[in-house]
Amino acid sequence: MSDRIKEKLEILADAAKYDVSCSSSGSNRKNKDHGLGNTGAGICHTYTEDGRCVSLLKILLTNHCIYDCAYCVSRKSNDIKRAAFTVQEVVDLTINFYRRNYIEGLFLSSGIFKDADFTMERLVLIAKKLRREHNFNGYIHLKTIPAASPELIHEAGLYADRLSINLEIPTDAGLKLLAPEKNRKDMIRPMTYLKDQLIKTKEEGKLFKTTPKFAPAGQSTQLIIGASGESDQQIITAANYFYNKFNMKRVYYSGYVPISYDKRLPTIGTAVPTARENRLYQSDWLMRFYGFQADEIVNESHPLLDLDIDPKLSWALRNMDRFPIDINKDDYQLILRVPGIGVGSAQKIVAARKFGPLHIEHLRKIGVAINRAKYFISCKGFLQIYADKRADLIKSYILNSSKSKYTSSTTQQLQLF
Amino acid sequence: MREVDLYFDGTWEGILTSIFEMFEYKIMPLSLSHTAARQKGMFQTAHDVVSQQDKADRVKKGLIEKIGRNGYLELWHAFLSELPDVPLLIIRLARHYFQSEQPERLNFGHDLVLRLKKIVKSVSRERHRMKAFARFQRLQDGLFVALIEPDFNVLPLIRKHFQDRYADQRWLIFDIRRHYGLYYDEHTTSEVTFADPGNLANSRTLVDLYAADEPLYADLWKRYFKSVNIVERKNMKLHLQHVPRRYWRHLHEKSFGLDA
Ligand code: SF4
């Protein structure tokens, strides 16, 4: 028995790994009635050898699937080992991993067996057992099966912290080509439903303290990068649409890992576009935390992200007329726009300058990357002498002074600003 | 103002008492070190601080009034780093805070303030790592045991986290470097030490006490760790940045460091 469970875990964790989301954030569930677990600590309990955070037990209930999406390892036509957990097996794994402090909770997804509702019912049942029978208050992320009934989606929201539906392919044309059995409408419908429910719960929560929680960590989605020839502009526009239209908490970008000889897709052996993926995450951060609009990052005349420099520097170089920024006078929002100054440094600058004007040395100690910021700022004792230099010259200065950073294209670090 | 080398007993109370006496005796501290480091009769300028609860309490209250609870906690967290320059840093900062009209805690242009923030950040990172990397192993009697070896003395800082989270199981988290632990009996958490901590310090000896299902779940976790890896994306540099080698000794998925 224990051998079979080991094999199942290997198959069903392997099949789930292409979903890059492993976040356990956004929810603040307390441990109630002396039970097990809570959420809100946002802990990565380990990291994979490719440097990704492992926070949740991320598995499929089964990798049997009636669909044949070309980009997916679990597709019907793929000749692979299949397996399925029982409801109780998933519950036991979750509880036992959690008690040993391996994980923050469960991220459960599934191939579609029989039909959408049949699959969704089982996912919901697992969440329900964890919450009701085990008084488990850790994190639960459930994948919503497109085309599942609203009643089931609603029930899922009562037990889960986060729900997600992966659009996967950012463009309509791409989706038609690679997953002809799927349609965008089926995926958009539950997203809209969730958005409305989330807003409703929030409103009711203001009026009644007893309003039951409904997916407190909201909903998220994932886009696969580099499987369907889409441009960065298309991806960022799609992401922006999801953030605005469905109040998505997060959009994830997953560089396509070639798993098929299908002619419609990049062949096996093609490198995973990790550098591009990294630039997309940086763009995402610019939109969420730095006050950038999507069309400032990519637009008709600039549809592709630069791979050799980050999107914030790229924007600055295209908008040299906005600089220099005066560190001691200008608004926080403007200081945030300076390459080499992140959110933390910008906050410190605004706090520290109240005590007296800041010099370059102060900025260095605060943690500003002077070798980049110096082309875009002025401060006490430091006049901007590069203001009339050409952007391409400044770019080459910066690239030369920080070789290692921009040449290691595999790095996935996000704090690069 | 007299320039003096201060000696204290190494406790937090001792630090707070030092701050009190610094003002009481109008002392300008040149250093603040553990009494153990004191060489008898060497210096005319030495002053021995004896920890006193009432003085410590008054300083604590004063600090909280002056710089708020968070400001006070920052100083305490820095103290837990056990870094050699920290005691002096703390009392010099306390003097600076008390003497200034401004909320100096936010003066990121000031060298002492910046040094403090840096230490507090490292301590906070270590605290977070222990929340992440402490791994419980279940013993036959149902006790969950985790052995840790943090760079800084962060056990007091993770107490509440584990108590809130694992409210319905008995657990022990033991710092094998500092020879003390926290034990939770499903109601309260208390500090514990052992007559012979040497035994505990070796995770191998725990194996004999394992609950029947412990090896299975440890093995499942290792397999899980292997299976979620995407070989095509392998990036060991990034991996090591997140999980530095010195932590491997207590992680199953790294075979307790034996793979290395
Ligand atoms: S429906 Fe989901 S699991 Fe099935 S083939 Fe498509 S993407 Fe894969």
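So, how was this worked out
Residues numbered from 1 in each chain as written. Chains lettered and ligands numbered in written order. Predicted model: local features only at pLDDT ≥ 70, side-chain atom pairs only at ≥ 80, totals over all residues. Heavy atoms only, no water. Helix = DSSP H or I, 4+ residues; strand = E, 2+ residues; numbered from the N terminus. Rg over C-alpha atoms; globule rule 2.2 N^0.38 Å. Contact = heavy atoms within 4.5 Å. Areas by Shrake-Rupley, 256 points an atom, 1.4 Å probe, with all protein chains shown as cover. pLDDT = per-residue confidence, 0-100. Buried area = accessible area lost by both parts, 1.4 Å probe. Salt bridge = Lys/Arg side-chain N within 4 Å of Asp/Glu carboxyl O. Pairing = 2+ DSSP bridges. UniProt positions renumbered as here; feature names shortened; annotations may be inferred. 1 Å grid on protein atoms, 1.4 Å probe; cavity = no way out; pocket = protein on both sides within 12 Å on 5 of 7 lines; lining within 4 Å. Points joined across faces, edges and corners; volume = space filled by probe spheres on them. Nonpolar A, V, L, I, M, F, W, Y, C, P; charged D, E, K, R; others polar. Near = heavy atom within 4 Å. Sits in = over half its atoms within 2 Å of the grid points.

Draft legend 1. Structural detail: the overall build of chain A. When its secondary structure is counted, chain A shows 16 helices and 10 strands. Taking 417 residues into account, the globule formula puts the C-alpha radius of gyration at 22 Å, and chain A, at 24 Å, falls close to it. C-alpha extents for chain A along the principal axes are approximately 70 × 55 × 40 Å. Restricting the contact set of chain A to residue pairs at least 6 apart, pairs at least 24 apart contribute 68%. Carbon together with sulfur atoms contributes 53% to the accessible area of chain A, which is approximately 17,200 Å² in total.

Draft legend 2. Layout of the confidence of the model for chain A. Residue and element names in this part refer to chain A. Considering every residue of chain A, the mean pLDDT works out to 90; 96% of them sit at 70 or more. Predicted confidence in chain A is weakest over helix 16 (residues 403-407), with a mean pLDDT of 50, and strongest over helix 2 (residues 87-99), with 98. Taken together, the stretch residues 405-417 has pLDDT below 50 and engages in 46 contacts with residues farther than four places along the chain or on a different chain.

Draft legend 3. Quick peek at the interface of chain A and chain B. Between chain A and chain B, the residue contacts involve 60 residues of the former and 56 residues of the latter. Summed over both partners, the interface of chain A with chain B comes to about 5,300 Å²; 56% of that surface belongs to carbon and sulfur atoms. The three residues of chain A that bury the most area against chain B are E49(A), R100(A) and F355(A), which together make up 16% of that side's buried surface. Our enumeration of links across chain A and chain B arrives at 10 salt bridges.

Draft legend 4. Main features of the sheet that holds strand 4 (residues 137-138) of chain B. All names here are of chain B. Taken in spatial order, the five strands of this open sheet run 4-5-6-7-8, and their pairing is mixed. Each edge of the open sheet carries a strand with a single partner, namely strand 4 and strand 8 (189-192). When strand 6 (residues 171-175) meets strand 7 (residues 180-184), the two strands line up antiparallel, connected through five bridges. The residue bridging I173 from the neighbouring strand is L182, located in strand 7.

Draft legend 5. Fine view of the UniProt feature "domain: Radical SAM core" (unreviewed entry) in chain A. Under the UniProt annotation, the feature "domain: Radical SAM core" (unreviewed entry) is placed at residues 60-199 of chain A. Counted over residues 60-199 of chain A, helix gives 45% and strand 10%. Its end C-alpha atoms are 29 Å apart.

Draft legend 6. Geometry of the layout of surface pockets. Of the volumes computed, that of the second largest pocket is approximately 330 Å³. Lining the second largest pocket are 18 residues, and of these N38(A), K131(B), K160(B), H161(B) and D164(B) lie nearest its centre. At the level of elements, helix 4 (111-133) and helix 5 (155-165) of chain B are the ones that each hand at least two residues to the lining of the second largest pocket. A total of eight residues in the lining of the second largest pocket trace back to one element, the largest contributor, which is helix 5 of chain B. Residue composition of the lining of the second largest pocket, grouped by class: four nonpolar, six polar and eight charged.

Draft legend 7. Structural context of the site of the ligand. Near the ligand the following residues occur: C65(A), Y67(A), C69(A), C72(A), R75(A), G111(A), I112(A) and K182(A). The site holding the ligand turns out to be the largest cavity.

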